[in-house]
Amino acid sequence: MSVNLANIYAELLRKYGDNYTITYSAPPTYLTRLVGARESTNKIVFFYKEDRRGGIATTTPTKLLLKSERGKTNTDMDLTGSPLKDDCAVDAIGDISLELQIVNRNPWRQDEEYHRGELVDKARAIICTESFQQGDGMGSVWFLCDGSDFGQTLLLQYEFNKTHFSRGIVSYAGVMPSYMVTSQSLVRQHGMAAGAQLETYIENCYQVNHHMTLCCSWSTPAPLPLLIDLSGCNVLLNQSFRVGDCGPLTEDFMNQLRILAYIREDIVSYHKDEQAGVHRDPVYRCGSGIDMDELRESINKTMTEVSGFTDVFTDNHAEYDIEEVVQRAKQRKLTDLTDQLWELLKCCSSFKDLKIAFNMLFQCAVRCNIVNSPTNKNRLAEIISNLANSRLAMPCLSGAEPLELLLEIGLEKVYKDYEFIFTESKVCSTSLLKSSSESTNASLNDGSATNDISKLRKSLHNAVRSDTPGGGMRKTLLHHSAGIKQPGAKYQNGDVPGFKNSNFDEQESMLKVSKLFQIHCTLEHLLMIHIHLNLPNVYADVCTQLLNKQPRLVESIDDNLSDVVDIQLSAHYVREHLDGKEPHSRQITMRSHNTFREHTTTFYFNLENICPPELAQCFQCDDKELVKERTYHYWLYRKIRTLK
């Protein structure tokens, strides 16, 4: 089907490509909204004109000062500078905009602001040509019109079909007060085919805020359907979380994820340069800086003081909502040694300082009596335990190994943060978190677990044999030579037959960062539901739906990274919230058919104009501002399908 439509696209592009912009792709956002998902699931051929004169008015603001930077603004009177340069600080313009992050909130894509329509008569002239209608294929061709005709036509559709003749038209019908949207008026406008039975599909969307929309949908064969039915509808909660919109409550956890992603990026970049023959030192760009003497003292104190017995007593029977638990997680006392070391080592200002810090750590493990023994299962914990028990000589880290060790303990510590939040708030069990995380790495670990154990036993055996070359010498990384890397583990330090300084694997680390990002996004979605809807009974179900999904692979985390989810909810949970409220948008599709003719009418109502401003100039109306009642912008899509 798509191949035939592609051939039609190629032919139309050859004939009309000089005068029109013609695309063969997914439909524009406004077309999908107006005609419904059922009519716009496949690729279409789209005719329009493009005007890039003047460009798009950007919504990206001048860089705003961070909260910590605002307090540091110099208040001294400085009269120097160029009179042609505006040095006014953004936060001095108006206090109301201090906390705003201006992003594109429009319902259309930014590139769609270049779309311009053609006169409807010219579009019809192309459709009515014999050569156009003789195209051999299956699918729809859409023409964008300028709406300047009496009927304010926005789109024309011609659908290629071997057995049926099918045409569609989308027009702007003006504005309408909400009380005038009735079943009787819509059925009258639909105009049923003779002897046909009416089928109606209704979708009402209630906008909680810019990031949350509740969509209630149902279908009915009733001759006068109910336009609002909160008893038996299907409810879908659409939510979007953008990293740049992370609030003060969770920004500390997101910053930890950013650090992990940056560390992994630097490790991978170093290994790629190494393979390309570029020799350089790794970089570490995440630390805020710490005095090395202070760091040495903190490391000694962390390793020699008893931990885990001075925690504040907590009542396991106390009930905390998820916001309170997140706040408690930010101040929770870390008990494991490597978790505490993560908080110290990540503060190093450079890779050089980080490497020195690890040397301090290993020296302390060799010389001091370690009271706070590590319980985490990571490579650094193994090295510290072996050094403390005199089973391993002090290792000499090389290459990106300091970063790799830091990444591993950071991944484990951050996972514990989320585990504390989800279990203490009782919205998710530990088994669900672990099963979702372990399933991500199962394919990577299945084949290598047995080999790792056997190699470890062999290295321990060889370490104490006296009949081997260098007998009696303990096996350390100072005495290894490069071997063959394990298959399927890019940049993995699997070339050491004995103890390894690092267990870094590029693919596995990306999966772990991606899973942690998925868990954080789940937390953000739960907080949005808690704050704006307060539906505590759905939290467990939401966690199950979101955490059981395969995580999207994330290599870097920036402000524009977003997570969009659709969450199924039971209607009785939201009935009380939506009862008596008018939907933000309505899409009502009526369909009637007999043996020879099928008639489909889609009525689309929205409180906002969903078309780009230049495209909507011909049907923008001031009546909406003149009516006191809640009013909708109203579009009408008619499609008639008859036998050839």
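Residues numbered from 1 in each chain as written. Predicted model: local features only at pLDDT ≥ 70, side-chain atom pairs only at ≥ 80, totals over all residues. Heavy atoms only, no water.

### Focus on the overall build of the chain
When its secondary structure is counted, the chain shows 19 helices and 13 strands. When the accessible surface of the chain is split by element, carbon and sulfur atoms take 51% of a total near 33,400 Å². (Helix = DSSP H or I, 4+ residues; strand = E, 2+ residues; numbered from the N terminus. Areas by Shrake-Rupley, 256 points an atom, 1.4 Å probe, with all protein chains shown as cover.)

### Thoughts on the state of the cysteines
Counted according to the given criterion, the structure contains zero disulfides. Here C246 is not cross-linked by a disulfide; its sulfur's nearest cysteine counterpart is in C521, at 9.3 Å. In this structure C543 is a free cysteine whose sulfur lies 4.9 Å from that of C428, the closest cysteine sulfur available. (Disulfide = S-S within 2.5 Å.)

### Side note on unusual backbone geometry
A positive phi angle, close to 50 degrees, is found at Q152, a residue other than glycine. Tracing the backbone through its elements, the reader meets Q152 in the loop between β4 (139-144) and β5 (153-160). At K426, a residue that is not glycine, the phi angle is positive and equals roughly 60 degrees. Along the chain, K426 turns up in the loop between α13 (401-424) and α14 (430-446). Classification of K426 as partly exposed rests on a relative accessible area of 49%. (Buried < 20%, exposed > 50% of the residue type's maximum accessible area, 1.4 Å probe, protein only.)

### What about the environment of I529?
The residue I529 is located in helix α16 (residues 506-532) in this model. Along the primary structure I529 and Y539 are separated by ten residues, whereas in three dimensions their C-alpha atoms are 8.5 Å apart. Residue contacts for I529: discarding those within four places in its chain leaves M212, L237, Q239, N534, L535, V538, Y539, V542 and I567. (Contact = heavy atoms within 4.5 Å.)

### Some points on the side chain of T522
Structurally, T522 can be placed in helix α16. Those residues in contact with T522 that sit more than four places away from it in its chain are F422, C543, L546 and L547.

### Section: helix α10 (residues 337-345)
Extensive coverage of α10 is indicated by the burial of eight of its nine residues. Among the residues of α10, those classed as buried are L337, T338, D339, Q340, L341, W342, L344 and L345.

### Section: helix α4 (residues 120-128)
Within the span of α4, buried status applies to V120, A123, I126 and I127. The arc that holds the buried residues of α4, viewed along the axis, is 125 degrees, so those residues lie on one side. Residues of α4 that are exposed and point more than 90 degrees away from the buried face comprise D121 and C128. (Arc of directions from axis to C-beta.)

### Structural notes on the side chain of S185
For S185, the location among the structural elements is in helix α6 (residues 183-190). Note on S185: relative accessible area 15%, which makes it buried. From its side chain, S185 meets the backbone oxygen of T182 in a polar contact 2.9 Å long. (Polar contact = N/O pair within 3.5 Å; in protein donor to acceptor, adjacent residues only side chain to side chain.)

### A word on the environment of Y201
Mapped onto the fold, Y201 is located in strand β7 (residues 199-209). Judged by its relative accessible area of 22%, Y201 falls in the partly exposed class. Sequence separation of Y201 and P221 is 20 residues, and the distance between their C-alpha atoms is 8.9 Å. Leaving out residues up to four positions away in the same chain, Y201 has contacts with R38, S217, W218, S219, Q587, I588 and T589.

### Notes on the nonpolar core
In this structure, I263, Y418 and F422 are the most contacted members of the largest nonpolar core, which totals 115 residues. Of all the elements, α13 adds the most residues to this core, at twelve residues. Excluding residues within four positions of it along the chain, I263 makes contact with Y284, C286, W342, L403, L406 and L407. Of all hydrophobic cores here, the second largest spans 21 residues; its members include L34, V35, I44 and L154. (Core = buried A, V, L, I, M, F, W, Y, C linked by side-chain atoms within 4.5 Å.)

### Comments concerning the pairing of β4
Remember that side chains alternate between the two faces of the sheet whenever the strand is regular. Burial runs high along β4: six of the six residues are buried. In β4, alternate side chains face the same way, and those of G139, V141 and F143 on one face and S140, W142 and L144 on the other are all buried. Sheet topology note: the β4/β5 ladder contains six bridges and is antiparallel. For W142, the partnering residue across the bridge sits in β5 and is Q157. (Pairing = 2+ DSSP bridges.)

### Observations concerning the pattern of salt bridges
For the coordinates displayed, the defined rule picks out 27 salt bridges. Residue R242 pairs with D245 through a salt bridge whose shortest N-O separation is 3.3 Å. Residue classification places D245 among the partly exposed positions, given a relative accessible area of 26%. For E382, the salt bridge is made with R379, and the minimal N-O distance between the two is 3.0 Å. Note that E382 and R379 are positioned in helix α12 (residues 379-388) at a spacing of three residues, about one turn of the helix. Its relative accessible area of 41% is what places E382 among the partly exposed residues. Exposure remark for R379: the relative accessible area of 3% places this residue in the buried category. (Salt bridge = Lys/Arg side-chain N within 4 Å of Asp/Glu carboxyl O.)

### Structural notes on the confidence of the model for the chain
When pLDDT is averaged along the chain, the result is 81, and 77% of the positions lie at 70 or above. By mean pLDDT, helix α3 (residues 67-70) is the weakest element of the chain at 39, and strand β9 (residues 234-242) is the strongest at 96. Long-range and interchain partners of residues 309-313, a stretch whose pLDDT sits below 50, account for three contacts in this model, where long-range means more than four residues apart. Between residues 447-489, whose pLDDT stays under 50, and residues either more than four places distant or in other chains, the model counts 44 contacts. (pLDDT = per-residue confidence, 0-100.)

### Quick look at the packing of aromatic side chains
Under the counting rule described, the total for this entry stands at 17 aromatic pairs. Taken together, a centroid distance of 5.2 Å and an interplanar angle of 35 degrees make the contact between F46 and Y48 tilted. Taking relative accessible area as the criterion, F46 reaches 2% and is therefore assigned buried. In this structure, R38 packs its charged tip against the face of Y201, placed 4.3 Å from the ring centre. (Phe/Tyr/Trp six-rings, centres within 6.5 Å; stacked < 30°, edge-to-face > 60°. Lys NZ or Arg CZ within 6 Å of the ring centre and 35° of its normal.)

### Digging into the pairing of strand β13 (residues 631-643)
Pairing geometry for strand β6 (residues 164-177) and β13, over 13 bridges, is antiparallel. Within the sheet, the bridge partner assigned to S171 lies in β13 and is L636.

### Some points on a negative patch on the surface
A surface patch of like charges, here negative, comprises D291, D293, E294 and E297. Along the polypeptide, D293 turns up in helix α8 (residues 292-304). (Patch = residues over 30% accessible without salt bridge, like charges linked within 9 Å, V, L, I, M, F, W, Y side chains within 5 Å. Lys, Arg positive; Asp, Glu negative; His and termini not counted. Charge placed at Lys NZ, Arg CZ, Asp CG, Glu CD.)

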